[in-house]
Amino acid sequence: MPDLSQHASQLRAVADALEAQSDPTSDPFAPHPDTLNIINGRHTNRGQINYAVPDELQIQRRIRRFHADHGIQHGDIVAMALDAFLRANGYPPDLKPPNTDAS
């Protein structure tokens, strides 16, 4: 049987490195800083989305209550939630730097 101790040692080193990179104390629901910058921008272009969601989830009622409790606008709540979900599933936005062309 081959000696696999070297491979096991390398796997432990990789696992230790990955664990050191993760921050278990961070809030998994915290909006991404880029998302906050866009949402808080004064001249952010906004588009309408309209999707049918199951009534049983009471999404609209829950959004209204969250807005009343925290003062965050309805669209911003939806944007942050969808952005977090899509980023977590490997679909980050293709953010381009602001147009600096002065012409």
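As the structure is a computational prediction, the values presented were derived from the model and not from experiment.

What counts, and where the lines are drawn
Residues numbered from 1 in each chain as written. Predicted model: local features only at pLDDT ≥ 70, side-chain atom pairs only at ≥ 80, totals over all residues. Heavy atoms only, no water. Helix = DSSP H or I, 4+ residues; strand = E, 2+ residues; numbered from the N terminus. Contact = heavy atoms within 4.5 Å. Areas by Shrake-Rupley, 256 points an atom, 1.4 Å probe, with all protein chains shown as cover. Salt bridge = Lys/Arg side-chain N within 4 Å of Asp/Glu carboxyl O. Buried < 20%, exposed > 50% of the residue type's maximum accessible area, 1.4 Å probe, protein only. Axes fitted to C-alpha atoms, helices over the stretch in contact; angles between N-to-C directions. Parallel < 35°, antiparallel > 145°, perpendicular 65-115°, else oblique. Left-handed = near helix turned anticlockwise from the far one by under 90°. Nonpolar A, V, L, I, M, F, W, Y, C, P; charged D, E, K, R; others polar.

**Quick look at the overall build of the protein chain**
Scanning the protein chain for helices and strands turns up 4 helices and 0 strands. For the protein chain, the N- to C-terminal ordering of α and β elements is α-α-α-α. By sequence separation, contacts in the protein chain at least 24 residues apart represent 48% of the contacts at least 6 residues apart. Looking at the protein chain as shown, the accessible area adds up to about 9,600 Å², and 56% of this sits on carbon and sulfur atoms.

**Comments concerning the pattern of salt bridges**
Side-chain pairing between opposite charges can occur once the charged atoms of the two side chains come close. Using the criterion set out here, one finds 2 salt bridges in the structure. Note that Arg-46 is salt-bridged to Asp-76, the shortest N-O span being 2.9 Å. Taken together, the positions of Arg-46 in the loop between helix 2 (33–40) and helix 3 (59–70) and Asp-76 in helix 4 (residues 74–88) put the pair 30 residues apart, joining distant regions of the chain. Among the residues examined, Arg-46 registers a relative accessible area of 54% and is labelled exposed. Take Asp-76: its relative accessible area is 11%, and that puts it in the buried class.

**Quick notes on the packing of helix 2 against helix 4**
Packing of helix 2 against helix 4 leaves a shortest axis separation of 11 Å and a crossing angle of 155°. Regarding the angle of helix 2 to helix 4, the classification is roughly antiparallel. When the axes of helix 2 and helix 4 are compared, the crossing they make is right-handed. Packed against helix 2, whose contacting residues are Asp-34, Thr-35, Leu-36 and Ile-39, the element helix 4 presents Asp-76, Ala-79, Met-80, Asp-83 and Arg-87 at the interface. Of the residues in the contact of helix 2 with helix 4, the class split is 4 nonpolar, 1 polar and 4 charged.

**A word on the side chain of Thr-35**
Note on placement: Thr-35 falls in helix 2. The residues contacting Thr-35, other than those within four sequence positions of it, are Met-80, Asp-83 and Arg-87.

**Looking at the packing of helix 3 against helix 4**
Interaxial distance between helix 3 and helix 4 falls to 9 Å at its minimum, and their mutual angle equals 110°. Classed by the angle they form, the pair helix 3 and helix 4 counts as roughly perpendicular. The handedness of the crossing between helix 3 and helix 4 is right-handed. Of the residues in helix 4, those touching helix 3 at Ile-63, Arg-64, Phe-66 and His-67 are His-74, Ile-77 and Val-78. Each residue belonging to the contact of helix 3 with helix 4 can be placed in one class, and the counts come to 4 nonpolar, 2 polar and 1 charged.

Nothing here speaks to function; it is geometry throughout.
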